[in-house]
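Understanding the architecture of this molecule
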Amino acid sequence: MRSRQPSAYLEYIVVPIAHNESDMVEFFKRYLDLRLTHAAGIPKLSGGTVPMSKLYVLNGLDAGKSFQLKEGSNFLGRAFENDIRLQDKSVSRQHVRIEKAAERYFLTDLQSKNGTFLDGRYLLPGTEREVHEGMPIAIGMTVVAIGESAMTLTKPFLESIGLTGEIGQESGIFVIHKDKTNQKKLETLFRVSNVFEQRLPLKEALDMVVEIIAELLGEIDTVSFILIDPTTTKIGLFAHRSRRAGHEPPMKFSPQVLYEVVKGKNTVMISNSDSEEVNRALASTLKMNGISSVMCVPMISETQVVGVIYLHSRKKLYGFKPEDVALFEDIAQRAVRFVQDGQLLSGLSEMIEELDAEA
């Protein structure tokens, strides 16, 4: 028997990082309106009629298409006989069933090859889960959502983390996860956001996020959160994970890369230090230090860099690509928000000094 549950269609993970205060205020006004509307059991948006009658495709070959959902069963997959047909080869011939019951929707994975990701977890095949408006549903590499807010809220969020663009198959993340790459990116953001929601001590939270990132990236050699006191420019390695390459001591980070990021307040990404054309001087330094690939993403509070997420691979090329950068820039800003919410920026210098004393 299907029970009536409170709407949780947009969790913390779906809140995009706004670029300014007015954007954030406007987003939360719309977000709150939607949540109150659903909590009251009213299937409509302000000024609208029935929002959850269509399924919207938000990326991939069918991006921009929408499909009317009929009462009862709606089958989605790659085969022609489905009610909703997608061209994505990572989607199974009959991937999921969406059951419409009045204005409620229920999703079932039909033993698909690449699985279905919804609301922070993979669906157990054959088990029905309720879907709320705007929830991103990752079906293979394609992301869909039900309701008009899919286009006004969910799609901008996916764009902000690079899930609506073309996925380069040379990306290190794609090499590891193949047709589950977009699902893994969404899973990573859900897990990171859950850590930050727990209001843990700063180092404990960042240690957990480092492990999540390392799991996503597989054989990456180094993952670090480096925090910087903007008043003194003193740095502290707050969270770090490194694999030893043979018998060589691990290199925690490249000071030259860190300097470039702090100075320019922009991400530095070099996929191959042997063939880098844009930043040859930095690539040459990396090569001398035995680093093949690197990505360093700034954590910016207002106009100041208060830290970075630093990743590098030594012997093996990792193949960072532009579509990977957006994911880590989003994580970096979530980390800044966590630090700000805990009012930790003012005490950053003392924490860095304590960390140095323990080292």
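As a reminder, the structure under discussion sits directly above these lines.
Presented here is a report on the structure given in the accompanying data block. (Residues numbered from 1 in each chain as written. Predicted model: local features only at pLDDT ≥ 70, side-chain atom pairs only at ≥ 80, totals over all residues. Heavy atoms only, no water.)

1. Comments concerning the packing of helix 4 (residues 181–197) against helix 5 (residues 202–217)
Filter applied, for reference: In this analysis an axis means a line fitted to C-alpha atoms, helices contributing only their contacting stretch, and an angle means the value between N-to-C directions, from 0 to 180 degrees. Here a strand is any run of E in DSSP of at least two residues, a helix any run of H or I of at least four, and the numbering for each starts at the N terminus. Throughout, the term roughly parallel applies to angles under 35 degrees, roughly antiparallel to angles over 145, roughly perpendicular to angles from 65 to 115, and oblique to all others. By definition, residues are in contact when any of their heavy atoms lie within 4.5 Å. Charged means Asp, Glu, Lys or Arg here, nonpolar means Ala, Val, Leu, Ile, Met, Phe, Trp, Tyr, Cys or Pro, and polar covers whatever is left, Gly included.
Helix 5 packs onto helix 4 with a crossing angle of 170° between their chain directions and a minimal axis gap of 9 Å. For the element pair helix 4 / helix 5, the angle class is roughly antiparallel. For the pair helix 4 and helix 5, the contacting residues are Lys184, Thr188, Arg191, Val192, Val195 and Phe196 in the first and Ala205, Leu206, Met208, Val209, Ile212, Glu215 and Leu216 in the second. Residue composition of the contact of helix 4 with helix 5, grouped by class: 9 nonpolar, 1 polar and 3 charged.

2. Overview of the packing of helix 6 (residues 255–264) against helix 7 (residues 280–288)
Geometry of a packed helix pair, given as the angle between the helix axes and the separation of the axes. Across the interface, helix 6 lies against helix 7 with an axial gap of 9 Å and an inter-helix angle of 150°. Classified by the angle their axes make, helix 6 and helix 7 are roughly antiparallel. Contact residues: helix 6 offers Gln256, Val257 and Glu260, while helix 7 offers Leu282, Thr285 and Leu286. Of the residues in the contact of helix 6 with helix 7, the class split is 3 nonpolar, 2 polar and 1 charged.

3. Side note on the sheet that holds strand 8 (residues 121–122)
Backbone-to-backbone hydrogen bonds join strands into a sheet, with any given pair of strands oriented parallel or antiparallel. Applicable threshold: Should DSSP find at least two bridges between two strands, the strands are taken to pair.
Here 6 strands make up an open sheet; going across it, the order is 2-1-11-10-7-8 and the pairing antiparallel. What marks the edges here is a single partner per strand, and that holds for strand 2 (66–68) and strand 8. Bridge analysis of strand 10 (residues 137–139) against strand 11 (residues 142–146) gives 3 bridges, and the strand direction is antiparallel. Within strand 11, the residue paired with Ile137 across the bridge is Val144. Contacts between helix 4 and the sheet are confined to strand 7 (116–118), strand 8, strand 10 and strand 11, with strand 7 contributing the most and set at about 25° to the helix.

4. Things to note about the pairing of strand 3 (residues 72–77)
Pairing analysis gives 5 bridges linking strand 3 to strand 5 (residues 96–101), with the strands arranged antiparallel. The residue of strand 5 that forms the bridge with Phe75 is Arg97.

5. Re the pairing of strand 15 (residues 293–301)
This is how the line gets drawn: Partly exposed residues are those whose accessible area sits between 20% and 50% of the maximum for their type, while under 20% is buried and over 50% is exposed, using a 1.4 Å probe and protein chains only.
For strand 15, a buried count of 8 out of 9 residues is recorded, marking the element as mostly surrounded by other parts of the structure. Bridging between strand 14 (residues 268–270) and strand 15 involves 3 bridges; their strand directions are antiparallel. Residue Ile270 lies in a different strand from strand 15, and its bridge partner there is Val294. Taken together, the 9 bridges between strand 15 and strand 16 (residues 304–313) define a ladder with antiparallel strand orientation. Each residue of the ladder has a partner; that of Met299, found in strand 16, is Gly307. Adjacent in sequence and paired antiparallel, strand 15 and strand 16 are bridged by 2 residues, among which Glu302 carries a positive phi angle near 55°.

6. Some remarks on the packing of aromatic side chains
Selection rule: Note on ring pairs: Phe, Tyr and Trp rings are taken, using the six-membered ring of Trp, and paired if centres are within 6.5 Å. Classes follow the plane angle, with under 30 degrees stacked, over 60 edge-to-face and the rest tilted. Over a ring means this: the NZ of a Lys or the CZ of an Arg is within 6 Å of the ring centre and within 35 degrees of the ring normal.
Here the structure, examined in full by the defined rule, presents 4 aromatic pairs. Relative to Tyr122, the ring of Phe117 has its centre 4.9 Å away and its plane inclined at 65°; by these criteria the two rings are edge-to-face. A relative accessible area of 30% places Tyr122 in the partly exposed class. Their ring planes at 75° and their centres at 6.3 Å tell us that Phe253 and Tyr310 sit as a pair that is edge-to-face. Here Phe253 is found in the loop between strand 13 (235–242) and helix 6, whereas its partner Tyr310 is found in strand 16, with 57 residues between them in sequence. Neither Phe253 nor Tyr310 differs from the other in exposure class; each is buried. Here the aromatic cluster, defined as three or more aromatic residues joined through ring pairs, consists of Phe117, Tyr122 and Phe190. Residue placement shows Arg85 over the ring face of Phe80; its charged tip is 4.0 Å from the ring centre.

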